[in-house]
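One-letter residues, chain by chain:
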Amino acid sequence: MKINKRRLVFRKFNSCFLLENELSLLLSKRINLSIEKKGYASIALSGGKTPLSLYKKLSKKDIEWKRTNLYLVDERAVHLTSKDSNQYNILSALSKKTSDFREFRSFDYKKKIKGKVELINSDKKFSFPINFTLLGMGDDGHFASIFPNLEDTELLLDCNNKDYISYAKTNEKIPHRFTMTYKTISQSEMIVIFIKGEKKLSLIKNIIENEVSPSLYPIKKIFNDFKNEIRLYWCK
């Protein structure tokens with residue numbers, strides 16, 4: 001399947017500094033435009049190291065955070081003060097507390113026997129549409145915590161999934177994860193994919209240009225099926 005390139009904007013930068021300047025301006029404008037139009041904005045942010053300096057720049061923009069809903073795209077099953085916690089890292093980069101937003105939504109869960117965990121309110125809706133969702137991509141083509149070749153990969157990518165968020169057991173160092181499902185991410189007005197390095201550039205070009213399975217490269221689902229604007233940002 002060839003993607004509709006009219007909905008894909010691809011921006012390449014030699015400097016991550018310049019990329020983050022442009023992207024932070026774009027995202028702040030999207031937030032403020034939504035607030036102006038309907039009184040609030042809804043955004044979804046991913047963790048990882050790549051976007052943290054972007055979030056620091058976003059924190060310096062003139063944004064009414066009290067009128068902004070912030071949703072985490074995914075999280076690890078760790079203590080919220082852990083440096084492996086997406087919540088901890090994103091809030092630290094934004095210099096914000098959970099109470100600084102109109103609504104802040106992460107992942108509530110309870111531990112069960114034999115190391116299992118169970119999400120709470122997995123079928124609770126978000127304030128749709130989400131103005132934008134910012135994603136990264138792993139070296140294996142995963143996004144959020146939707147990894148390839150897992151037992152639940154196809155379910156997490158299924159738009160008919162009843163859940164808006166889900167538990168995912170991965171093969172990563174911290175295996176227990178929580179993630180928005182594709183069903184939720186697909187309710188975005190815009191998806192921004194932010195990646196760094198030649199290796200990921202080569203990978204995402206291969207995924208975009210060739211017939212590969214979303215089960216093997218989950219991010220292919222976005223290029224195949226997402227109906228709205230996709231903005232791909234890359235820097236060295």
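Reading guide: rules and limits
- Residues numbered from 1 in each chain as written.
- Predicted model: local features only at pLDDT ≥ 70, side-chain atom pairs only at ≥ 80, totals over all residues.
- Heavy atoms only, no water.
- Pairing = 2+ DSSP bridges.
- Helix = DSSP H or I, 4+ residues; strand = E, 2+ residues; numbered from the N terminus.
- Axes fitted to C-alpha atoms, helices over the stretch in contact; angles between N-to-C directions.
- Phe/Tyr/Trp six-rings, centres within 6.5 Å; stacked < 30°, edge-to-face > 60°.
- Buried < 20%, exposed > 50% of the residue type's maximum accessible area, 1.4 Å probe, protein only.
- Disulfide = S-S within 2.5 Å.

J.: So what exactly am I meant to see when it comes to the sheet that holds strand β2 (residues 41–45) here?
T.: Two pairing modes exist for strands in a sheet, parallel and antiparallel, and in both the strands are linked by backbone hydrogen bonds. Across the sheet, which stays open at both edges, the 7 strands sit in the order β1-β12-β11-β8-β2-β3-β5 with parallel pairing between neighbours. The strands lining the two open edges of the sheet, one partner per strand, are β1 (8–13) and β5 (103–105). Averaged over all pairs of adjacent strands, the angle between strand axes in this sheet comes to 15°, irrespective of strand direction. One ladder, built from 3 bridges, connects strand β3 (residues 68–72) with β5; its direction is parallel. Residue pairing for β5: Asn69 is matched across the bridge by Glu103.

J.: Whenever I open this one, the packing of aromatic side chains confuses me. Can you help?
T.: Here a ring pair, both rings aromatic, is described through the centre-centre distance and the interplanar angle of the planes. Within the structure shown, the criterion is met by 9 aromatic pairs. An angle of 35° between the planes, with centres 6.1 Å apart, marks the rings of Phe126 and Phe128 as tilted. What makes Phe126 buried here is its relative accessible area of 9%. Among the aromatic residues, those joined into a cluster by ring pairs are Tyr71, Phe126, Phe128 and Tyr164.

J.: I keep staring at the sheet that holds strand β4 (residues 74–76) and nothing clicks. Help me out?
T.: Pairing within the open sheet is antiparallel, and its 3 strands lie in the order β4-β10-β9. At either end of the open sheet lies a strand with only one pairing partner, and these are β4 and β9 (165–169). In this sheet, adjacent strand axes meet at a mean angle of 20° when their direction is disregarded. In terms of strand pairing, β4 meets strand β10 (residues 176–180) through 3 bridges, oriented antiparallel.

J.: Quick question: what am I supposed to make of the state of the cysteines here?
T.: What is meant by a disulfide is a covalent connection between two cysteines, made through their sulfur atoms. Taken as a whole and assessed by the stated rule, the structure comprises 1 disulfide. Note on cysteine connectivity: Cys16 is disulfide-linked to Cys235, with sulfurs 2.0 Å apart. Here the disulfide of Cys16 and Cys235 is right-handed, its torsion about the S-S bond being about 90°. Of this pair, Cys16 sits in helix α1 (residues 16–38) while Cys235 sits in strand β12 (residues 229–235); the two residues are 219 residues apart in sequence, bridging distant segments of the chain. For the pair Cys16 and Cys235, one class covers both residues: buried.

Interpretation in functional terms is not warranted from these geometric data alone.
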